[in-house]
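# Observations on the three-dimensional arrangement
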Amino acid sequence: MPRTVRVAVTGAAGQIGYALLPRLASGSVFGPDTRVSLSLLEITPALPALEGVVMELQDCAFPLLGDIRVTDNAEEAFDGINWGLLVGSKPRGKGMERGDLIKENGPIFVGQGKALSKAAANVQVLVVGNPANTNSLIAMKHGVKGGIPRERFHAMTRLDQNRAMAQLAAKAGTDVADVTNMTIWGNHSATQYPDAENAKIKGRPCTDVIGHVGWLQGEFIQLIQQRGAAVIAARGLSSAASAANAALDHVMSVDSATPQGHWFSAAVAGDGSYGIDEDLIFGYPVRSDGKGNVSIVKGLELSEFARARIAATEKELQEERAVVQGLF
Ligand code: NAX
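Residues numbered from 1 in each chain as written. Predicted model: local features only at pLDDT ≥ 70, side-chain atom pairs only at ≥ 80, totals over all residues. Heavy atoms only, no water.

The immediate surroundings of the ligand are formed by 23 residues, with Q15, I16, E42, S89 and N130 found nearest. Q15 is positioned such that a nitrogen or oxygen atom in its backbone is 2.9 Å from an oxygen atom of the ligand. Note that a nitrogen atom of the ligand is positioned 3.5 Å from one of the side-chain N or O atoms of Q112. Taking 870 Å² as the accessible area of the ligand by itself, protein coverage stands at 84%. Put simply, the ligand lies in the largest pocket. Among the secondary structure elements, those contributing two or more residues to the shell around the ligand are α1 (15–26) and α4 (98–119). (Near = heavy atom within 4 Å. Polar contact = N/O pair within 3.5 Å; in protein donor to acceptor, adjacent residues only side chain to side chain. Areas by Shrake-Rupley, 256 points an atom, 1.4 Å probe, with all protein chains shown as cover. 1 Å grid on protein atoms, 1.4 Å probe; cavity = no way out; pocket = protein on both sides within 12 Å on 5 of 7 lines; lining within 4 Å. Sits in = over half its atoms within 2 Å of the grid points. Helix = DSSP H or I, 4+ residues; strand = E, 2+ residues; numbered from the N terminus.)

Shown next, in the form of structure tokens:
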């Protein structure tokens, strides 16, 4: 009998869900010896649309797909899960400020954090729904009360990492696979700091290979910070295929041991490293031992330029935390 992994996906009828579920169900994420059972959570009005997605998953006849649970009840969705991919949240409406979005979506993650702690003892949680870092912080605050370790709560900066790797590879005229050790510090927002100073191309410092410090400190950073907005402007909808891909990259990176000398980017609970406020879900360089333990990579050199950028994104996350303090 192959092992079974149960994965919950919230907002499963949304556009990221639509791009994510077939790949998850195909078995390509956990490998050919693992069956994947799904728990799909949606708000009640979206359940009929979700039934259509389920029909399509059935019609793919994936040999490794186990049972599919569909529900609008978070505790039911999270019962016995190994992974919780928290994608569902309300999109930012016209004229809505970031603070409004945080207030609007925060309560979702109070309920889901509590439900997780009741239903899932041994779980990894990735928050994708925006504002992802602060939503993850809220879920963590409630999840830990039920005994889930704080290290298990992550927010997604992998899409930003992937975007940065693609741009660095293009600039260097090399393959994206040659770019490693890319860190996104801080918030998944326009204050994030994509760190080219510690990234490598074919094992060499990216700054040496590309050489153009002005570009790396200017256009490159802005490009990554604004990439989500550029996709919306072009497509009329926010990133979905690349976001789903990044979520699955995150799952695979956590699920396997990180190769020696490498790291990947994820927003995780602080541990005092780099003097950053511990009580935030903050983008760091991280490694996995492949057994479910993710730790922050210590000792990277940070220039004054980098420190100023990191302080700015830390300040933004502290401000976001202040907006939702009442929800903890
Ligand atoms: P959609 O609006 O297509 O789908 C969201 C789904 O969530 C909807 O089906 C909705 O019914 C559902 N939902 C809302 N409240 C819910 C709740 N309480 N419980 C369960 N489901 C709920 O958005 P989509 O394009 O799929 O994006 C989802 C989220 O990802 C958004 O918050 C978006 O901003 C965020 N993103 C995060 C990214 C990241 O890198 N961290 C990048 C992509 C994306 O922008």
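That was the structure; now back to the text.
Moving on, we come to the side chain of Q225. By the secondary structure assignment, Q225 is in helix α9 (residues 219–225). The buried category is assigned to Q225, whose relative accessible area is 15%. Among the polar contacts listed, one links the side chain of Q225 to the backbone oxygen of A190, at a separation of 3.1 Å. Apart from residues lying up to four places away in sequence, Q225 is in contact with A190, T191, Q192 and R309. (Buried < 20%, exposed > 50% of the residue type's maximum accessible area, 1.4 Å probe, protein only. Contact = heavy atoms within 4.5 Å.)

Let us now look at the domain arrangement of the protein. Domain annotation of the protein identifies domain 1 (3–155) and domain 2 (158–325). Counting residues at the interface gives 33 residues for domain 1 and 39 residues for domain 2. For the domain 1 and domain 2 pair, buried surface summed over both sides reaches about 2,900 Å², with 61% attributable to carbon and sulfur atoms. Considering only the side of domain 1, the residues that lose the most area to domain 2 are Q15, N133 and L137, jointly responsible for 20% of the buried surface there. One salt bridge in this structure joins K141 and D279, with 2.7 Å as the shortest N-O distance. The tally of links from domain 1 across to domain 2 stands at 13 residue pairs in polar contact (both at pLDDT 80 or more). Looking at the side of domain 1 that touches domain 2, the elements that each hand over two or more residues are α1, β4 (83–86), α4, β5 (124–127), α5 (132–143) and β6 (153–155). If one sorts the elements of the side of domain 1 that touches domain 2 by residue count, α5 sits on top with 7 residues. Along the lines of polarity and charge, the residues of the side of domain 1 that touches domain 2 split into 17 nonpolar, 9 polar and 7 charged. (Domains from an automatic or database assignment. Buried area = accessible area lost by both parts, 1.4 Å probe. Salt bridge = Lys/Arg side-chain N within 4 Å of Asp/Glu carboxyl O. Nonpolar A, V, L, I, M, F, W, Y, C, P; charged D, E, K, R; others polar.)

There is about 1,400 Å³ of room inside the largest pocket. The wall of the largest pocket is formed by 44 residues, among which S89, K90, P91, N130 and S238 lie closest to the centre. No other element matches the 4 residues that α4 contributes to the lining of the largest pocket. Of the residues that constitute the lining of the largest pocket, the class distribution is 18 nonpolar, 18 polar and 8 charged. Roughly 270 Å³ of volume is contained in the second largest pocket. Contributions of two or more residues to the lining of the second largest pocket are made by α6 (158–172), β7 (179–180) and α11 (241–255). The biggest single contributor to the lining of the second largest pocket is α6, with 3 residues. (Points joined across faces, edges and corners; volume = space filled by probe spheres on them.)

Attention now goes to the packing of α4 against α5. The N-to-C vectors of α4 and α5 enclose an angle of 35°; their axes lie 7 Å apart at closest approach. Our pair here, α4 against α5, has a crossing hand that is right-handed. Facing I102, N105, G106, F109, V110, G113, K114 and S117 of α4, the residues of α5 in contact are T134, N135, I138, A139, H142 and G143. In the contact of α4 with α5, the residues fall into 5 nonpolar, 8 polar and 1 charged. (Axes fitted to C-alpha atoms, helices over the stretch in contact; angles between N-to-C directions. Left-handed = near helix turned anticlockwise from the far one by under 90°.)

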